[in-house]
Amino acid sequence: MTSLKFPNKLCYGGDYNPEQWPEEVWLDDMRLMRKAGVNFVSIGIFSWALLQPNADTYDFAWLDRLMDLLAENGIYADLATATASPPAWMAVNHPDILPVDENGAQFQHGSRQHYCPNSRTYREYSKKLVTLLAERYQNHPALTMWHVNNEYGCHINRCYCDQCADAFRVWLEARYQTIDELNARWGTNFWSQKYYRWEEIGLPSKTPTYANPGQLLDYQRFMSDSLLDCYLSEYHVLKEMTPEIPVLTNFMPHHKPLDHFKWAQHLDIVTWDSYPEPTKGIPVDQAFDHDLMRSLRHGQPFLLMEQVTSNVNWREHNPMKRPGVMRLWSYQAVAHGGDGVMFFQWRASQAGAEKYHGAMVTHTGDEHSRVYREVAQLGNELKKLDSVVGSRIQAKTAIIFDYDNWWALELPSKPNNDLKYIEQVMQYYSPLFHHNIAVDIVQPSQDLSAYDLVIAPALYMVKPGVAENLEQFVERGGTLVTTFFSGIVDENDRIHMGGYPAPLRKLLGICVEEFDAMLQDQHNAITAAEGSSTLQGTYRCSLWADVIRLEGAQALAHFGQDFFAGSPAVTVNTFGQGRAYYVGTQADEQFVTKLIQHILTETGIQAPIDAPKGVEVTCREQGSDRTLFLLNHHAEAVTVLLKDKMIYQDLLQDTSIQSQIELPANGVAVLRFQI
Amino acid sequence: MTSLKFPNKLCYGGDYNPEQWPEEVWLDDMRLMRKAGVNFVSIGIFSWALLQPNADTYDFAWLDRLMDLLAENGIYADLATATASPPAWMAVNHPDILPVDENGAQFQHGSRQHYCPNSRTYREYSKKLVTLLAERYQNHPALTMWHVNNEYGCHINRCYCDQCADAFRVWLEARYQTIDELNARWGTNFWSQKYYRWEEIGLPSKTPTYANPGQLLDYQRFMSDSLLDCYLSEYHVLKEMTPEIPVLTNFMPHHKPLDHFKWAQHLDIVTWDSYPEPTKGIPVDQAFDHDLMRSLRHGQPFLLMEQVTSNVNWREHNPMKRPGVMRLWSYQAVAHGGDGVMFFQWRASQAGAEKYHGAMVTHTGDEHSRVYREVAQLGNELKKLDSVVGSRIQAKTAIIFDYDNWWALELPSKPNNDLKYIEQVMQYYSPLFHHNIAVDIVQPSQDLSAYDLVIAPALYMVKPGVAENLEQFVERGGTLVTTFFSGIVDENDRIHMGGYPAPLRKLLGICVEEFDAMLQDQHNAITAAEGSSTLQGTYRCSLWADVIRLEGAQALAHFGQDFFAGSPAVTVNTFGQGRAYYVGTQADEQFVTKLIQHILTETGIQAPIDAPKGVEVTCREQGSDRTLFLLNHHAEAVTVLLKDKMIYQDLLQDTSIQSQIELPANGVAVLRFQI
Amino acid sequence: MTSLKFPNKLCYGGDYNPEQWPEEVWLDDMRLMRKAGVNFVSIGIFSWALLQPNADTYDFAWLDRLMDLLAENGIYADLATATASPPAWMAVNHPDILPVDENGAQFQHGSRQHYCPNSRTYREYSKKLVTLLAERYQNHPALTMWHVNNEYGCHINRCYCDQCADAFRVWLEARYQTIDELNARWGTNFWSQKYYRWEEIGLPSKTPTYANPGQLLDYQRFMSDSLLDCYLSEYHVLKEMTPEIPVLTNFMPHHKPLDHFKWAQHLDIVTWDSYPEPTKGIPVDQAFDHDLMRSLRHGQPFLLMEQVTSNVNWREHNPMKRPGVMRLWSYQAVAHGGDGVMFFQWRASQAGAEKYHGAMVTHTGDEHSRVYREVAQLGNELKKLDSVVGSRIQAKTAIIFDYDNWWALELPSKPNNDLKYIEQVMQYYSPLFHHNIAVDIVQPSQDLSAYDLVIAPALYMVKPGVAENLEQFVERGGTLVTTFFSGIVDENDRIHMGGYPAPLRKLLGICVEEFDAMLQDQHNAITAAEGSSTLQGTYRCSLWADVIRLEGAQALAHFGQDFFAGSPAVTVNTFGQGRAYYVGTQADEQFVTKLIQHILTETGIQAPIDAPKGVEVTCREQGSDRTLFLLNHHAEAVTVLLKDKMIYQDLLQDTSIQSQIELPANGVAVLRFQI
């Protein structure tokens, strides 16, 4: 066998679990894969029980045969470390691997992910298995990437066992050095919570009422770090033994338990699993996640590691993806910077909890299904886009997104517990998406000099250096937008004293004297001053109202009702060369859209081309090459006007076009031009 | 005392708990029972604590007096084995009898049914008590039936203790012989679940996500069998010591945890407790349960062991039964094949959790209540129907109902988790009921040659031999109706490969290419071809849509919307001498009613007589005797036309009638004629 | 330092937690307190961890400095015993102090109130701390009151640990003497629950279904008593060492777990914490609680110990109190007999679970907030009302309210589980409130001779002597009103046999033959006879319908629908010199209001003055002084007409007025006159 080395091609394939089938089926799999243009498969993700029948015995024979078969067929292997689901014998012989819930009840073997991330036993068995896999396959021609574990924290992202409590204390001591510092950070002189010795600190499990917010916040950090340590314990083995082979794990959408920015530093390639809710957020939510995943490693192309061909099995109601939708959303991944499109899974299971999860090969078991036909069409089409590999998105707009902020903002006992971070972020991402504005997702302390516009919705936590970073960005001419309940706490959820939003008061030119929580059916109104012609009008607002005192800023809109009627609701402050906007309520979609349009005009930020509503447009760049992606999310055909006097190469149709292009319902075009 | 032997009479009475009252009340009970026509009472159901003050002491003196008193008053005893609620001392001294929930928390003494069905301690104490009871009362003249335990699995039908885990492994080994076979059946190569030794297998308790469906399914079977073993351990003692005395236990309506067909093989008489929901399913649901209970032992008359005279106490809101309703529903039991009408309970408790549960004697404590007056009226009236005892219902229509199918269909992670088996069954039972068609409830592998029409709603699981049984039935001229998501899995919830519904494709002449789950507010339409005049029209459908390819069948109706608009929704296939219908969606009531009418016309199946809407009609047969039951579920009087030129004997009115009969609101008539 | 002795002044201040701040802030606190008229603060409530770093070490130095500082500034200290939240080291070293839930899961340190009330360890540590505090500060000039613990039972009012089980058995043996008596009281011959030895009795924790109601009821009594024992163990130490210093703890609104009447016997001053729901019950619910608190010690003035200045943090949505509302509600407390107005808390926390709970000094940290301005205005205004201190409310109307009744009525498995005691009480309190009728809240066995009208809504439990007490009250000329589901059970939740409502049948002149529970969307109608002109009309009723037979009473209204249409719904019976009304359904607000008006006219009970709707009026009396409180709960100004030819001293405005007074929105007037 000659060694495969992954060429400059888009990856196409899926999770492949041949251990569920007799080996004669494997051969037919190869045939069907080749026919569908599959060049990449993830294997071994749930194979631990098969690879290791007991503590002392390993069996790699079947995996040897599989790897050889893949190599023979020119299919690259994303070889999993198989640690996502420990074998039954381990759970029975070592119950210390099993996670514990907040009531002290222990999870059991029988589904998957039944391990405590701080279990020493689990980690030792894992490292041993990974070492053996790396030894055995390090020179195998099919080995292309290492897939560590699977969807970390999908089910078990909290554990309250004694091992975790011990590890938490070690983690805290490393973070705070002294118990006095911890007491100060957590504010333990409240409710008689002061600690005198590290041994007194426990996990925030079952408490009579709200646990200490500092403790809760650090526990979330600790659990993200504990899972990351799990990952790293495998990563380091692999990096040492096979330094050339990229190592990855697969993230999940809108997944709160992991600080993805911190994790991504330790991945060679970011990959994620996209399962859009069928009833809401389509196609905006997955676009945001694509942008987030691309941004985690500063624009480096990512892989879409999982999506489903048609219906999943784990929602209450699992509708099919309509014909063409799977193809459309696959291209959306590439359009946002993805260099591959993969599925869970290759062949639908005959048994087990996921047998009703869609697959590339359905329960017909052959090529005679609508789904396979679409899969094969897409796979063969994608070959035409190999030149896109490695190209990048260039954004002038960024949205600040921070996991610490997410965790802190959604701790309990807030003024309004309906305030959800993702919803606030999406309120501002959504109009940018609909205007086809390229958006990076960035951290609050990150260098912002590449951007003209930065939006920081609900930036509740302002950590050290962040206010200065934002001030510098605006001072040098940037435009910042932030919203209510920003600038309230420090990195330990302690109030920034001195009047809200203390660290941002100077930049925003306001003081928030009080805030009011609206009930679920309650509303207020905001009216934009007549002067600001693009915003003029009266709009509905809900959820929250700041009582704002101007300290240099100018009011763009005022509240319409209640005792604070007439006081500022939306403000803008000139600061150095730039401007800082503040929105002191949850304005309705109409207002936010107008505000974003106003700011886009002001900053001169534009979409790649003008397109009809419902048509998504992105542009990937490499050298002087530009590749436009046009995605018609409409259920009807539309015509998109292109830039005058430009000639575009239509990569999927292998033609040249000018002036305009017709897109059918759910249609896609990929147009190449040079600058 | 002379020995009582239960005569050919309808049983009438109720649960009798005299231990709650001083013995002077017992004498008044006898007077009130005789006045009300009571001839049968269940005693001792919750008397264990009284019968056995501690591990070594028994006290039967009070029960001796009670049995004697009953015999003296000519009242037959359904003597309970008293094992339904173990005494406090047992729970305290032997905590191993207490069941454990899926989180590992143990139930405690303080209500009832606090025993693990696999507890050896519980079983030993139970057998000892039953042996003593049988020894003591085997020759007592009042002893008429043995009432084993009570409502098995009412509260505790799952236990996750170590004893259950041990028993589960024994049960599995008996079922599958080898661990390889178990692995194959459960599909454990999914999610790394493979077992190498029996000791590795646990109960499907607290898992991070979905447990293995094969394990879940077998656990439900195992728990039904564990409770059955409990029952049998008492049954065998009784059968050995008093082979002449019938042994029973009482079932519950729509009770999923027990496989009633399997249980009924070990009962001498089927009995059940009817508590219709006051807000829905009246009077259809209880009719279905009556038919099920009658069918469990192939038409043998059953006993209605419990119902309430007026309000129960265990719903959130407990309305009264309006005057006349208790009588009407009591006759409904007889009309469907019941040979007795009993109540829980005789005298309303003064204390305890059920003191607000209605009774034959209310808290007035005497005969001066509306309830007692109705009870006495009914009891004295029923004496006129003694000639009905032993007669049977003859049905040409059967509905297939299978507990394995119920369990498997409602396991989690299905395409649409709103799909509930009972609802699908009732969708087809209901129009048959409203047409007064006699229906038997049968198992899928049962001999079907007695029927002209067999309906198998949502026959998701097709076990070995079932497809052949259905094919044979149709081939010989029968008409089969089945519906979406049928024929999908085998007895271990593994997909029947080869295109849905693989084992039924030939019989139905279709292939289901995909299925779509509709959301809760989502609908589609089906339109019946103009040719099929009786079905013609457009109807609403919901929940589910199959994408069907015809393979010999003919389409009777097509979908109206979505990308599969125009593809078949309802089909019929000629197979041998018969026809096989398939309904690939949840059609609305109007369509199902028309379809059933169409098929009744086609098969020539008829009601005993034509009756106005809302009047239920059944017929019990014995030799050449026919007894018509007419039940007016309307709140207004109606006139029912009888067959011309026939003379009917009105058993309740002791008159002869012809041509027609007037039924008042909630009214009942029982008419005898000869053929 | 000279000793402070609390003068005849209204208390004003709040919870003060200076341990959360550096000591330099304390000095500014003193300045801001003096400026705001603060004269009283509660300190040390959550200071245990600070006062006792470990089992053997105490540190009172900071508290010494604080007490001195208060004394120097003329601020009186309500010194807490600091036992509300045990330190972390205690939880770690003595896990037996931690409470256990009904599943056996143990609560952990990390929030507050994590102690089992029956923990010996907790009690010993508590007593030792209290002893040291009393020793140290018994002669301190700032010490004015002892604040024992805090909000007993707020979070933990049930514990299922072994210590509680032991204590429960001791409690039961003391109550019932013999096991036979307990069996009789609990009715254990139901469901085989009979006990033979005390050791067999457990707590009503996790049971398969409803536990024994007698056990559940006694468990609630036992837990109230257990918490009271906790309180008393501190109280006795304090009373012995500082007999002159009043001892108190703070109650909560509508707080079911504690029998406040029983507790209040052991408090020197009743205090409570008022947190009205923002969306309902304003301003009636807090008025009821004020009246209850005043009544607990038979009219002795109470303290409002906690309220919030603006928003709290522990509801899902926490709106601000609008300007003026805090002042209005503060006066409402005084108007109902309060001699002080306090807040939680003085200064808003920077960290911890309550940092978003409003305070007198907000996160601005200074006097520059709307909230502080209102706080300072009120504090300085209240000084004008010092002459009110000690004056009392004189009521001719009483509502019977009983915690045993509350507990029993809301046990599970009732005819209608939507029947809630507080709602039934408020249905009758509310029209009295809106008519500005002074109301005392009394126990059923209390001497009622001071009242002309007594209302006993839903007096489900009639304990020994109660029927006689009510009969005597009516016989001597009083008017009694009671409602459906009254007179049903004895003190152990056993039915009073002999026809509902057995012990009240003679007094009410009726028998309730049956009762019906209405579903949530179900209604009936009641029509008042034409003769009773003030009630005439047809009204809606819901929840419940009694089928009533008259036995001497007269029907005032009849049911309109269902089979009991035309039977009595509301009755009145002449008994001795008085009259006894009965309302056999949940009538709508309109009917109850008319009925109350009818009875007020009949009994001649009047408001202090006639006031427009929405203006609350109360009168406090002392010698010949009368002080009228006029509270405008409207959002608009209103004019209140005063009695002709009277001269009133306006205490807040320092003027004399006649004839009428104008009240702004949320406005308050306090008018003094003499009789």
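With an unreviewed UniProt entry as reference, chain A is termed Beta-galactosidase, source organism Paenibacillus selenitireducens. Checking UniProt for chain A, the heading Catalytic activity (unreviewed entry) contains the comment "Hydrolysis of terminal non-reducing beta-D-galactose residues in beta-D-galactosides." The Sequence similarities (unreviewed entry) comment attached to chain A in UniProt states, word for word, "Belongs to the glycosyl hydrolase 42 family."

Novice: Would you explain the overall build of chain A in this entry?
Specialist: When helices and strands are tallied, chain A shows 17 helices and 27 strands. What you see for chain A is a C-alpha radius of gyration of 26 Å, in line with the 26 Å of a compact globule of 675 residues. By principal-axis analysis of the C-alpha atoms, chain A measures approximately 75 × 75 × 40 Å. Out of the 675 residues in chain A, the part that is buried amounts to 68%. Expressed as a percentage of contacts within chain A between residues at least 6 apart in sequence, the contacts between residues at least 24 apart total 73%. Entry remark: accessible area of chain A is about 22200 Å², with carbon and sulfur atoms responsible for 47%. Placing the 55 positive and 81 negative side-chain charges of chain A at their respective mean positions leaves the two points 2 Å apart.

Novice: Honestly, the environment of leucine 630 of chain B in this entry has me stumped. Any pointers?
Specialist: All names here are of chain B. Topologically, leucine 630 is positioned in strand 22 (residues 625-632). Look at leucine 630 and you get buried, because its relative accessible area is 0%. Along the backbone, leucine 630 and threonine 57 are 573 residues apart, and their C-alpha atoms lie at a distance of 53 Å. Not counting residues up to four positions away in its chain, the partners in contact with leucine 630 are Ile609, Glu616, Val617, Val640, Leu642, Ile661, Leu663, Gly667, Val668, Ala669 and Leu671.

Novice: I keep staring at the packing of helix 5 (residues 120-137) of chain A against helix 8 (residues 213-241) of chain A and nothing clicks. Help me out?
Specialist: Helix-helix packing is characterised by the crossing angle of the two axes and by the distance between the axes. Residues and elements named next belong to chain A. Contact geometry for helix 5 and helix 8: axes closest at 9 Å, N-to-C directions at 25°. Viewed along their axes, helix 5 and helix 8 adopt a mutual orientation that is roughly parallel. Considering only the axes of helix 5 and helix 8, their crossing is right-handed. Residue-level contacts link Tyr122, Arg123, Ser126, Lys127, Val130, Thr131, Ala134 and Glu135 of helix 5 to Ser226, Asp229, Cys230, Ser233, Glu234, Val237, Leu238 and Met241 of helix 8.

Novice: What is the right way to look at the interface of chain C and chain B in this model?
Specialist: Often, the extent of an interface is quoted as the loss of accessible area on bringing the components together. Taken together, the 51 residues of chain C in the interface contact 52 residues of chain B. Between chain C and chain B, a total of about 4500 Å² is buried, with carbon and sulfur atoms accounting for 58% of that surface. Considering only the side of chain C, the residues that lose the most area to chain B are Trp191, Lys206 and Pro208 of chain C, jointly responsible for 16% of the buried surface there. With its nearest N and O atoms 2.7 Å apart, the salt bridge here joins lysine 355 of chain B to aspartate 493 of chain C. Where chain C packs against chain B, one counts 28 residue pairs in polar contact (both at pLDDT 80 or more). If you list the elements that add at least two residues to the side of chain C that touches chain B, you get helix 8 (213-241) and strand 14 (510-517) of chain C. Per-class residue counts for the side of chain C that touches chain B are 24 nonpolar, 16 polar and 11 charged.

Novice: Where do I start with the interface of chain A and chain B in this structure?
Specialist: Residue-level contacts link 52 residues of chain A with 51 residues of chain B. Summed over both sides, the interface of chain A with chain B buries roughly 4500 Å², with 58% coming from carbon and sulfur. Joining chain A to chain B, the criterion identifies five salt bridges. Aspartate 562 of chain B serves as the salt-bridge partner of arginine 322 of chain A, at 2.4 Å between the closest nitrogen and oxygen. Counting the contacts that link chain A with chain B gives 28 residue pairs in polar contact (both at pLDDT 80 or more). Here the residues of the side of chain A that touches chain B sort into 22 nonpolar, 21 polar and nine charged.

Novice: Would you mind showing me how to read the packing of helix 3 (residues 61-72) of chain B against helix 5 (residues 120-137) of chain B here?
Specialist: Residues and elements named next belong to chain B. Packing of helix 3 against helix 5 brings their axes to within 12 Å, and their N-to-C directions diverge by 45°. Considered as vectors, helix 3 and helix 5 are oriented oblique to each other. The hand of the helix 3/helix 5 crossing is right-handed. Across the interface between the two elements, Leu63, Asp64 and Met67 from helix 3 touch Leu133, Arg136 and Tyr137 from helix 5. The residue inventory of the contact of helix 3 with helix 5, partitioned by class, reads four nonpolar, no polar and two charged.

Novice: Could you clarify how one ought to interpret the relation of the copies chain C and chain B in this entry?
Specialist: Relating one copy of the chain to the other requires a rotation about an axis plus a shift along that axis. Overlaying chain C with chain B gives an RMSD of 0.0 Å, the required rotation being 120° about an axis along which the chain moves by 0.0 Å. Accordingly, the operation relating the two chain copies is best matched by a three-fold axis. Ranked by how close their C-alpha atoms come to the rotation axis, the residues of chain C are headed by alanine 105 of chain C, at 4.8 Å.

Novice: Sorry if this is basic, but what is going on with the packing of aromatic side chains here?
Specialist: The relative placement of two aromatic rings is captured by the distance of their centres and the angle of their planes. The full count for this structure, using the stated rule, is 128 aromatic pairs over all chains. Their ring planes at 50° and their centres at 6.3 Å tell us that phenylalanine 46 of chain B and tryptophan 191 of chain C sit as a pair that is tilted. Residue phenylalanine 46 of chain B is found in the loop between strand 2 (40-43) and helix 2 (48-51), and its partner tryptophan 191 of chain C is found in the loop between helix 7 (179-186) and helix 8; the two belong to separate chains. The exposure class assigned to phenylalanine 46 of chain B is buried, which follows from its relative accessible area of 8%.

Novice: Any chance you could explain helix 8 of chain C here in plain terms?
Specialist: It helps to recall that an α-helix has 3.6 residues per turn; residues three or four apart then point in one direction. End to end, helix 8 of chain C covers 42 Å across 29 residues, agreeing with the expected 42 Å (1.5 Å per residue, within 8%). Taking burial as the measure, the 29 residues of helix 8 of chain C include 24 buried ones, the bulk of the element.

Novice: It is not clear to me how the sheet that holds strand 24 (residues 647-650) of chain B should be interpreted in this structure. Could you clarify?
Specialist: All names here are of chain B. Spatially, the five strands line up as an open sheet ordered 21-22-27-24-25, and their pairing is antiparallel. Strands with a single pairing partner mark the edges of an open sheet, and in this sheet they are strand 21 (615-622) and strand 25 (655-658). On average, adjacent strands in this sheet sit at an angle of 30° to one another, irrespective of strand direction. As paired strands, strand 24 and strand 25 are joined by four bridges and run antiparallel to one another. By the bridge assignment, tyrosine 648 is partnered in strand 25 with isoleucine 657.

Rules and cut-offs
- Residues numbered from 1 in each chain as written.
- Chains lettered and ligands numbered in written order.
- Predicted model: local features only at pLDDT ≥ 70, side-chain atom pairs only at ≥ 80, totals over all residues.
- Heavy atoms only, no water.
- UniProt positions renumbered as here; feature names shortened; annotations may be inferred.
- Helix = DSSP H or I, 4+ residues; strand = E, 2+ residues; numbered from the N terminus.
- Rg over C-alpha atoms; globule rule 2.2 N^0.38 Å.
- Buried < 20%, exposed > 50% of the residue type's maximum accessible area, 1.4 Å probe, protein only.
- Contact = heavy atoms within 4.5 Å.
- Areas by Shrake-Rupley, 256 points an atom, 1.4 Å probe, with all protein chains shown as cover.
- Lys, Arg positive; Asp, Glu negative; His and termini not counted.
- Charge placed at Lys NZ, Arg CZ, Asp CG, Glu CD.
- Axes fitted to C-alpha atoms, helices over the stretch in contact; angles between N-to-C directions.
- Parallel < 35°, antiparallel > 145°, perpendicular 65-115°, else oblique.
- Left-handed = near helix turned anticlockwise from the far one by under 90°.
- Buried area = accessible area lost by both parts, 1.4 Å probe.
- Salt bridge = Lys/Arg side-chain N within 4 Å of Asp/Glu carboxyl O.
- Polar contact = N/O pair within 3.5 Å; in protein donor to acceptor, adjacent residues only side chain to side chain.
- Nonpolar A, V, L, I, M, F, W, Y, C, P; charged D, E, K, R; others polar.
- Least-squares fit on C-alpha atoms with pLDDT ≥ 70 in both.
- Phe/Tyr/Trp six-rings, centres within 6.5 Å; stacked < 30°, edge-to-face > 60°.
- Expected span 1.5 Å × (residues − 1).
- Pairing = 2+ DSSP bridges.

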